[in-house]
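# Structure assessment
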Amino acid sequence: MEALTAWIVSQLKSSSGNTIGLAIPAMTALMGATEARHLFAASGGIKYLSRQLRSGGKKQASAKTSSDKKPKTPASVQQLYELTFCLWTMTYELEGSANIRADFAKDGLAVAALTELVSVAPREKVVRVALAGLKNLAICTSENDAGPAGTPTIDGAVFLNDMIACGLMKAIDFLKDRQFTDPDVVEDVTILHKLLAKNYKDLTRWEVYQNEIESGHLQWGSVHTEAFFKENASMMEGSDGDFRIVKVLIALLSSKDEDVAAIACYDIGEFVRHYPNGRAIAKRLGAKELVMPLIEHENADVQRHALQCVSKIMVQNWEVRFLCHIVLSISFLGKLVNLTYRYFAF
């Protein structure tokens, strides 16, 4: 069993859909035994399974927004369903194992993956198992195994905070208005809506923002606005004055997720604008060195927000802001000339 589990986890580490497809039947069979599920968790399987699910969810999202209208193949949706089914099965070990709860909580990957699947909603059967997994995470307790003394308690409240940070409330509000053939989906949507609403009321806007930044799964919303930073810029210094949230934002500049990188640029720029001496603090923490390369990023939004961030970090006068606008214009014209050349070359 150990050899089989090690092989399955090694396939999950791979980015090849073909090898993962070979591992899924074995993994599904493995999930039928409690001992095997614990062995899978101890081998790091939850992290790699969540990573594969998140990758699959992003592909589904990009397919929806793509100009290419060809539908995804049934096999890809089926693969998502089977991977989600396995992660849902693992949630039944939450109550009895502090280690498994810690694995699910690590980096917020599992919650982010399931939330993205619910948001993208590729098929009802995928949504059903993703919601069931999220519900189990939301209601789990630490009563049977609290974990080692002195370690933070991980229970449903922790996962609910992660769900709020990942934007699950918006997805659940959307699902409430949909018609589902499966009554279990309706029940899970209702339960999650109540739990999320109750937990959200107990959080301040700053706590919602802090949870989102710490999760690393940034999404455009009301906490990424000028009004928010005018009100909360002073909170960025932290209770210990170590500017931990700013440090996390600077680290997120290196994210491969283009939305995350763009939002991190925006937030750092707003911190610089609204926090006294924010410019010097951002420079001291190394923000400028990581933002500068993003000016040449292939994604237009990342490029734009990086330019704006640099202008806020570097200077206060209008001349450099004007220069940034010129750089953006030149970049746009360069791309236009390149496209025109390619068109007439044919």
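Note: the structure precedes this text.
Residues numbered from 1 in each chain as written. Predicted model: local features only at pLDDT ≥ 70, side-chain atom pairs only at ≥ 80, totals over all residues. Heavy atoms only, no water.

So, about the nonpolar core. With 60 residues, the main nonpolar core has Met27, Phe40, Phe104, Leu131, Phe159 and Met163 as its most contacted residues. Element by element, the count of residues in this core is highest for helix H8 (residues 124-139), at eight residues. Look past the residues within four positions of Met27 in its chain and what remains in contact with it is Ile8, Leu12, Phe40, Leu49, Leu83 and Cys86. Counting residues in hydrophobic clusters, the runner-up holds 37 residues, among them Trp206, Met236, Ile268 and Cys309. (Core = buried A, V, L, I, M, F, W, Y, C linked by side-chain atoms within 4.5 Å. Buried < 20%, exposed > 50% of the residue type's maximum accessible area, 1.4 Å probe, protein only. Helix = DSSP H or I, 4+ residues; strand = E, 2+ residues; numbered from the N terminus. Contact = heavy atoms within 4.5 Å.)

Turning our eyes to something else, we now look at the environment of Met27. In this structure, Met27 sits in helix H2 (residues 17-30). Sequence separation between Met27 and Leu83 is 56 residues; the distance between their C-alpha atoms is 8.8 Å.

Attention now goes to the packing of aromatic side chains. Applying the stated criterion across every chain, the model contains twelve aromatic pairs. Relative to Tyr275, the ring of Phe243 has its centre 5.5 Å away and its plane inclined at 90 degrees; by these criteria the two rings are edge-to-face. Of this pair, Phe243 sits in the loop between helix H13 (226-232) and helix H14 (244-252) while Tyr275 sits in the loop between helix H15 (258-274) and helix H16 (278-284), and the two are 32 residues apart along the sequence. Take Phe243 and Tyr275: they sit in the same class, and that class is buried. Centre to centre, the rings of Phe271 and Tyr275 are 5.2 Å apart; their planes meet at 25 degrees, and the pair counts as stacked. Look at Phe271 and you get buried, because its relative accessible area is 0%. Overall, the relative accessible area of 12% leaves Tyr275 in the buried class. An aromatic cluster is defined as three or more aromatic residues linked by ring pairs; in this entry it consists of Tyr81, Phe85, Trp88 and Tyr92. We note Lys125 situated over the ring of Tyr81; from NZ or CZ to the ring centre the distance is 5.0 Å. (Phe/Tyr/Trp six-rings, centres within 6.5 Å; stacked < 30°, edge-to-face > 60°. Lys NZ or Arg CZ within 6 Å of the ring centre and 35° of its normal.)

Okay, the packing of helix H7 (residues 109-120) against H8 next. A packed helix pair is summarised by two numbers, namely the angle formed by the two axes and the spacing between the axes. Direction vectors running N to C along H7 and H8 enclose 140 degrees, while the axes themselves pass 9 Å from each other. Judged by the angle between their axes, H7 and H8 are oblique. Pair H7 / H8 crosses with left-handed handedness. Note on element contacts: H8 touches H7 through Val126, Val127, Ala130, Leu131, Gly133, Leu134 and Leu137, opposite Val111, Leu114, Thr115, Leu117 and Val118. For the contact of H7 with H8, the residue count by class is ten nonpolar, two polar and no charged. (Axes fitted to C-alpha atoms, helices over the stretch in contact; angles between N-to-C directions. Parallel < 35°, antiparallel > 145°, perpendicular 65-115°, else oblique. Left-handed = near helix turned anticlockwise from the far one by under 90°. Nonpolar A, V, L, I, M, F, W, Y, C, P; charged D, E, K, R; others polar.)

This next bit is on helix H9 (residues 156-165). Counting buried residues in H9 gives seven out of ten residues, a clear majority hidden from the surface. Taken residue by residue, H9 has Gly156, Phe159, Leu160, Asp162, Met163, Ile164 and Ala165 as its buried positions. Its buried side turned inward, H9 meets helix H6 (98-105), H7, H8, helix H10 (168-176), helix H11 (183-201) and helix H12 (205-215). N-capping of H9 is provided by Asp155, with a side-chain oxygen placed 3.1 Å from the backbone N of Ala157. Just beyond H9, the residue with positive phi is Gly167, at close to 85 degrees. (Polar contact = N/O pair within 3.5 Å; in protein donor to acceptor, adjacent residues only side chain to side chain.)

Within the structure shown, the criterion is met by ten salt bridges. Lys312 is paired through a salt bridge with Glu270; the nearest N and O atoms lie 2.9 Å apart. Residue Lys312 is located in helix H18 (residues 300-314), and its partner Glu270 is located in helix H15; the two are separated by 42 residues in the primary sequence. As far as burial versus exposure is concerned, Lys312 and Glu270 are alike and both buried. (Salt bridge = Lys/Arg side-chain N within 4 Å of Asp/Glu carboxyl O.)

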